[in-house]
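# Topology and contacts: notes
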Amino acid sequence: MRAVHKIKSNSTTRFIFFIALGIVLFLLSNRVDELRVYQGAEIAVYVIAISSLILLTGYSGQISLGHGALVAIGGYAAAVANINFHVPIWLTFFIAVLVSALFGALLGAAAARLSGPYLAGATLALAVGLPSIANQFTVLGGEQGLTFDAGMPPASLGEDFTVYKWNFWIAALATLAILWLLQNILRSRYGRTWRAIRSNDVAAELSGIAIGRSKVLAFALSAGIAGLAGACLAMLVGTVSPSAFPISLSFSLLTGAVLAGVTTLGGVMIGAVVLVAIPEIADAVANRFGGSESVTSNLPGLLVSALLILTVLLVPNGPVEQMRTIRSRKGVASHH
Amino acid sequence: MSTNQSLLAVKGLSISFGGLRALNDVHLEIKQGEVVGLIGPNGAGKTTAFNALCGLVTPDAGEFFLDGTSHAWPQTDTLVKLGIARTLQGVGLFSDLTVLENVMIGAQRFSSTGLISAALGRNTKDEAQLKERAIAALEKVYATGIAHRRADTLSYPDTKRVSIARALVCEPKILMLDEPAGGLGAQDIEWMNSLIRNLTATMSVLIVEHHMDVVMSVCDRLYVLNFGEVISSGSAETVRRDPAVIAAYLGTGA
Amino acid sequence: MMSLRISNLTVDHGAIRALDDVSFEIARGQLCAVIGANGAGKTTLLRTLSGLKSATSGSAHWNETNLLHGKAEQLVRHGVSHVSEGKSVIAELSVKENLDLGALWRRNKKESAETKTFIIETFPRLGERLEQRADTLSGGERQMLAIGRALMSKPELLLLDEPSLGLAPLVVAQIFQAIRDLTTSMGLTVLLVEQNAMGALKIADTGVVFNLGKVVANDFAPALIADPAVRAAYLGY
Amino acid sequence: MIVTNRRKFLVTSAALVVGALTLSAVPSQAFSPRSVDGVTATSIKLGITIPMSGTASPGYNKIPGAMKAYFDYVNDNGGVNGRKVTLVVENDEYVPTKAVTKTNKLVLRDKVLALVGPLGTSNNQAVAQKVNPGKRGVPVLFVNSGFSGFANKAKYPTTYTVLPSYIMEAKIMSAYIKEKFAGKKLGLLYQDDDFGDDALAGFKQSGVDFAVKVPYASGSQGVATTPGTWVSALAKGGAEVVVLFGVSSATAAALYASYVGKYKPQWILGSVGGDATTLAASKIPPSFLAGAIGTSFAPSPADATDDYIKLFMDVNTKYNAGVPFDNNIVQGMNTAFLTVQALKSAGKNLTRKSLMAAIDKNGSKFASAGLVPLNYSATSHVGYNGYWFGTYNASGALVADGGKYTVYTTDSGSGAVAKSTYTRPAMPAKGLPN
Amino acid sequence: MYELINTTLIGITSGSIYALMAIAIVLVWRSTRIVNFAQAGMALLSTYLGYEFIRIFHSFWIALPLAMVAGALVAALIDLVFMRLLVKHASQGPIAAVAPIIATLGLLGVIRAFISFFWGNQDLAIDSPISNVGYTVGTHTLAISPLKLAILIASLALMGVLTLLFQRTNLGLALRASAFAPEISRLAGVRVDGVRTLGWALAGAAGAAAGMLQTPNGTGTLSPDSIEFSLLLVFGFIAAVIGGLESLLGAVLGGLILGLVLAFVLTYISGSLVFITGFVLLIVVLIALPRGIIGAKGARRA
């Protein structure tokens, strides 16, 4: 019975924590300037997208070099639903999740049969190929893309309430909801199952786990979350177009996931903040040393890539997991 | 409980790998509460037979009987539902999960939480129940003390305990043990013997084992495989005296 | 005169101690059988001696060569050849290529050719199948090829890991006989790891018994066969 | 168990709070209450978003350097009413998401007085939709896009176009074709998006029929792989005169493929893709271009007799490290020139409002390198509205028909095409606007 | 009819370049079990170096082998200072399986940034060394030109040389053995680390050849974000996987099949669908033949 009590209080703590987090974010959004609010919204979008990759790669062990494609599907689904079917904005976010998840399930069914480099290459080919499909179908708006207007903040919030703050609220709410739900799932038997498959698929199968189904579920779920990130991104930029989802977006997300530590949700903020902060840091560095335009414009790419390599070499499981391992090693050592 | 009731039977099991015949027309039978041993030289087909029973290898031919009735050849992931659990030789733990989590994976057939309830955190009872089952299973193998260690930090004998706990936790009718005594010291082997003996109250056990001490002391019945065929079967005494077995396996010489 | 000297050798496998303070010696020209249960550390011993695995502490020398400081590909050049578990041949290559592989590093091509001729004389079955892919061979032939490949490197110390694995009794007998003959005719020193304890001890000069990474007995082979404790634990009864 | 969970929460929440605090702690640009956004007693700050790296960057990434060079020249000669002009360049990699992010930075953090010459139709649309400079009152001057929609003052109240729109271009071309190639079989190769659609609308309105229409997929991917098929389709349709309405990489590819395939129609190249220097940079030998007809609103970069070209060449040598002189440099310098003139025209009391008012009031009289009129007024934000035609010579330079620039003008609506008698104002002394 | 012939010819020439890239990917895969997503970046870097050689020696045909040598050196250096470290550090733990993939992606980014720093983001040009004007049959112009023919011949020659090297020489034996069974090879005295570096070097040379030949055949220009090289990155990989990742012959067949399929989709369906066609082809082949067209049996699991 004590065990039950512990778990229960645990889950309640978690819920309260997320509510508290929401309040902190709310207070922050009122204190900082508009640019920071916008960047906060960007971070929120990245957090959602990166956590979907963590679920897929870190937990179920399937790599995706093309998550940008799934983000794109979410963005387009939201825009098309809004423009062609006049679906209210709040509902388009759910549609984005559903459509991407559906596509993810299809992709996952193929992916479950592929491993390591094969899956990596297939998803890469998808990310390169998918956006150009928009040119083929007029409903997707071709190269110019579609407008996605998430609307103005309600008048009741006052004159000073900016669109960015409104978008930040929506994105932050989506992020908190996703993180809370995902945490719960990853701590449940589903998360355990994925980690078991990643660790030893034969043993997992012998323990009664249907591997294929589990992997497809992970892919669909991850795609759904990526789709939500896509809808939020579309809201943030106001449009969806093929060039908004370049292959570099997929690489950025993967980088964010690696920097966050692929195997844990704990560091997801780190990854997202780094992605948003890097261009600024690069600007600062370039200005400091009076670099030319070619240095300034290529420094972010260099920094991100170098960080990626260093992380893989030095802290392959990410900074948070690394700290935890060190601490638990110390703990084990002291027990003996 | 009648001891004559055949719990699991395999008839006419044949498997070949690229022209090489690994198993040829093998018949196996396990009765209620029995400990059955599968022995034979390395490469005789014991592991292949085990893998076939678990659906890890698809047989070329063979019939599968459960409780005396014919049954489609099982898929690996449905085995647990049929009441069959198996340990793997040495390497079967999920290395980056804790011991408790490892065993909870085995208990998952008792979990009914759907994805949505899990996402909403409405799985506390279910989780607690799994945890209780897992701890109970760990108690059976005296491993509760290591419940929160990561599996890859365990000593070899401890990994064996955990893998048995993981198999036990799903309350199987048939437990398949792949070299349970392999790599164990004398004390641990003794403990393993008594554990296996105690298990027969609730389940039947099928073991592959090299260690003759273990085999001879725990098994009610033995099948001796050589070159993919059953060359002898019966009680330990019978098998031990079988000249064919002496020549092929036990031997007095090479 | 002792030529393989192992003292206080300890090897860890992650958190698991695979070899624990192992010490023993083998004289040049002797065939030593290493026996013990699965997981006793026998394979780890061979992998450590051939440079595939690094030791935690202790020392191991073959004549003047420190075996713990060399990589596998260097130790071969110092006369140490290791036939790893499970018929260590490369399935995708032909028999001839497998043999040639063992002598790629040797400068003197004439000598290599002579070694090859000698191996084909020793295992005529290989000679008949030179152009076939190795995975078309039977188990016994593969084991012969694995040993032949090791001999191509002109070894002085031969490390054999379970040559009898999965072979029919008759073939096992042939392989064991060949090992015995080669030891004598080539003046090899052989460390033979075996599950088939009785078979191995019968052809060996000395024997080492392992349990859980420790040496529990080390004596002349006939003495071990006669030892009731060893008989009970490792030789069936 | 609970301990580890708490720890995880702590780590996550610490990261969150630290992140949030960092965000709030970093000071936004020091704000002195008496100053106007982007203007101090001694400086004027402007911003541009443009691809500096990435697939779309070659060529375009020379524009900011040229603009800076001209601003430096002005600054060295006393600046604008005593203020030095600086340009903040943000690389958007031609990705709308980044254009929005970077424009936010320019507007919200750098607080630039105005955006000058931001490039790309979809990027500008995304920025207009999201950053909404119109609502914020931030001028978006001389957008580098031919999309006719940007001239819609109601929708984009602070945006000023400079390039003649694609519709204008199509209408003018139609008139030219009717005049010179009546009765010939026509072909059209166009980019399959808003850009091409604008052109199609223009041709349709002018009643020009094409025997063969070959759309090519935009988004550069199609370009590298398809030109052979475009050309064979055109050849199969028997087109004698082919209008090419695409980007310069597509032009280069098409000319190359027609050369390889020995297909020799009369090419008429649109202004976007017909830029000889960009084509030359793509290593299309000038001989491929020879004989093709092209359009422009500015003097040819090769025309060293032109006052402006001479000025720009000088500035380029002194202030831009002699980067190879081409159309992109001309465009960048001309944009900077117009900007300086607008700033001067706004007077000492420079604000966003006064800047736009100055353009509305005096814009149509601004001096510039352009050979066609500017149409800024209280009711119009349309810049240049016409083109002249020429033929590429053997060295790849566009030479005006008959040795003099004949300018056609029109509008983006239903207005007629007319031959213009416009003569541009003389270049102010030393190339410094008054 | 001529459209059909021309489409086929276009497919074969572009396919032969994909095949070169696929060969490079297969070489690295076979020697290190790493799919090198940085291969296209390395090819781009070698092509930039080739551009410099052309400026120095004023000859494409001198620059081509020099670029290949440079490509080999760059690749060897990358293996020595980077991949060996990676194999040592990141070969354990939950992300061990994906770490090399991620690391090579990082490498791709570093190489691109490096190129931009040195050569800027402007287009550079590599002129076609020989005519790229199609041969004429009657009144029709074929889509095969002296340049394309040279590319085809160069690709085939390189494949031939590599095949001979692999099948007929001691070095080839060491390369094959190290790939199939590194441990046994080490026990046989093969310096596997060195052999792997050599595998990288060969791949670097093949990639350099692909880059040098593709550039004049395509738009003739070179930029850090060149589309040509995005094509090589994705299509080279797809060709290699279709071919089974294990065999040089498979890589060649994979490249040609891919080239032909893409050419036909382009001509008869739509240019917008080219990239997604690559994806679809990859998925179809992998599901029908999980080990690719060659090596369905001989190939091993990763």
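What you see is a predicted model, and the numbers here were worked out from it, not measured in a lab.

The rules we used
Residues numbered from 1 in each chain as written. Chains lettered and ligands numbered in written order. Predicted model: local features only at pLDDT ≥ 70, side-chain atom pairs only at ≥ 80, totals over all residues. Heavy atoms only, no water. Domains from an automatic or database assignment. Contact = heavy atoms within 4.5 Å. Buried area = accessible area lost by both parts, 1.4 Å probe. Salt bridge = Lys/Arg side-chain N within 4 Å of Asp/Glu carboxyl O. Polar contact = N/O pair within 3.5 Å; in protein donor to acceptor, adjacent residues only side chain to side chain. Helix = DSSP H or I, 4+ residues; strand = E, 2+ residues; numbered from the N terminus. Patch = residues over 30% accessible without salt bridge, like charges linked within 9 Å, V, L, I, M, F, W, Y side chains within 5 Å. Areas by Shrake-Rupley, 256 points an atom, 1.4 Å probe, with all protein chains shown as cover. Lys, Arg positive; Asp, Glu negative; His and termini not counted. Charge placed at Lys NZ, Arg CZ, Asp CG, Glu CD. Buried < 20%, exposed > 50% of the residue type's maximum accessible area, 1.4 Å probe, protein only. Pairing = 2+ DSSP bridges. Axes fitted to C-alpha atoms, helices over the stretch in contact; angles between N-to-C directions. Parallel < 35°, antiparallel > 145°, perpendicular 65-115°, else oblique. Nonpolar A, V, L, I, M, F, W, Y, C, P; charged D, E, K, R; others polar. pLDDT = per-residue confidence, 0-100.

## What to know about the domain arrangement of chain A
Residues and elements named next belong to chain A.
- Per the domain assignment, the segments of chain A are domain 1 (2-245) and domain 2 (246-336).
- Distance from the C-alpha centre of domain 1 to the C-alpha centre of domain 2: 20 Å.
- The interface of domain 1 with domain 2 comprises 33 residues on the first partner and 23 residues on the second.
- Roughly 2,200 Å² of surface becomes buried between domain 1 and domain 2 when both sides are summed, with 80% attributable to carbon and sulfur atoms.
- Connecting domain 1 to domain 2 are one salt bridge.
- Arg36 is the partner of Glu280 in a salt bridge, and the nearest nitrogen-oxygen pair spans 3.9 Å.
- Where domain 1 packs against domain 2, one counts two residue pairs in polar contact (both at pLDDT 80 or more).
- Contributions of two or more residues to the side of domain 1 that touches domain 2 are made by helix H2 (34-59), helix H3 (67-84), helix H5 (116-129) and helix H6 (163-187).

## A word on a positive patch on the surface
- Taken together, the side chains of Lys71(C), Arg107(C), Lys109(C), Arg84(E), Lys88(E) and Arg191(E) present a region of like positive charge at the surface.
- Among the secondary structure elements, Arg191(E) is positioned in the loop between helix H7 (182-187) and helix H8 (192-217).
- Classification of Arg191(E) by relative accessible area gives partly exposed; the value is 46%.

## Digging into the sheet that holds strand S4 (residues 140-143) of chain D
Residues and elements named next belong to chain D.
- Strand order across the open sheet formed by five strands is S2-S1-S3-S4-S5, with parallel pairing between neighbours. Looking along the sheet, the strands with just one partner apiece sit at the ends: strand S2 (84-91) and strand S5 (159-161). Shown here is a sheet whose adjacent strand axes are inclined to one another by a mean of 25°, direction ignored.
- The sheet contacts of helix H2 (residues 63-76) involve strand S1 (43-50), S2 and strand S3 (114-116), and relative to S2 the element is tilted by about 170°.

## So, the packing of H2(A) against helix H7 (residues 189-199) of chain A
Residues and elements named next belong to chain A.
- Between H2 and H7, the shortest axis-to-axis distance is 9 Å and the interhelical angle comes to 45°. Between H2 and H7, the angle falls in the class oblique. Of H7, the residues touching H2 (which contributes Leu55, Gly58 and Tyr59) are Gly191, Trp194, Arg195 and Arg198.
- For the contact of H2 with H7, a count of residues per class yields three nonpolar, two polar and two charged.

## Details of helix H3 (residues 95-102) of chain C
- Burial within H3(C) is extensive, with seven of its eight residues counted as buried.
- Within H3(C), burial applies to Val95(C), Glu97(C), Asn98(C), Leu99(C), Asp100(C), Leu101(C) and Gly102(C).
- In this structure, the buried residues of H3(C) make contact with helix H4 (109-122), helix H5 (124-128) and helix H6 (139-151) of chain C together with helix H6 (170-180) and H7 of chain E.

## Describing the environment of Leu212(C)
- Tracing the chain through its elements places Leu212(C) in the loop between strand S9 (206-211) and strand S10 (214-220).
- Along the backbone, Leu212(C) and Phe24(C) are 188 residues apart, and their C-alpha atoms lie at a distance of 16 Å.

## Observations regarding a nonpolar patch on the surface
- There is a patch of nonpolar side chains on the surface, built from Phe15(A), Ile19(A), Ile23(A), Phe26(A) and Leu27(A) and spanning about 460 Å² of accessible area.
- Tracing the backbone through its elements, the reader meets Ile19(A) in helix H1 (residues 2-31).

## So, the environment of Ala107(B)
- The residue Ala107(B) is located in the loop between helix H2 (99-106) and helix H3 (115-119) in this model.
- Counting along the chain gives 22 residues from Ala107(B) to Gln129(B), while the straight-line C-alpha distance between them is 9.4 Å.

## Digging into the confidence of the model for chain B
All names here are of chain B.
- When pLDDT is averaged across chain B, the result is 85; 93% of the residues are at 70 or more.
- Summarising per-element confidence for chain B, the mean pLDDT is lowest in helix H9 (residues 243-250) (72) and highest in H2 (93).
- Listed scores for the predicted complex are pTM 0.86 and ipTM 0.84.

## What to know about the domain arrangement of chain B
Residues and elements named next belong to chain B.
- As assigned here, chain B comprises domain 1 (1-83 + 172-254) and domain 2 (94-170).
- In this structure, domain 1 and domain 2 have C-alpha centres spaced 27 Å apart.
- Each side of the interface is counted separately: domain 1 has 17 residues, and domain 2 has 12 residues.
- Interface area, domain 1 with domain 2, both sides summed: about 1,200 Å², of which 72% is carbon and sulfur.
- Considering only the surface of domain 1 that becomes buried against domain 2, Val80, Pro172 and Trp191 emerge as the three largest contributors, covering 40% of it.
- Our count for the contact surface shared by domain 1 and domain 2 stands at one salt bridge.
- A salt bridge links Asp188 to Arg161; its shortest N-O distance comes to 3.4 Å.
- Across the domain 1-domain 2 interface, the total number found is two residue pairs in polar contact (both at pLDDT 80 or more).
- Among the secondary structure elements, those contributing two or more residues to the side of domain 1 that touches domain 2 are strand S7 (174-178) and helix H6 (186-199).

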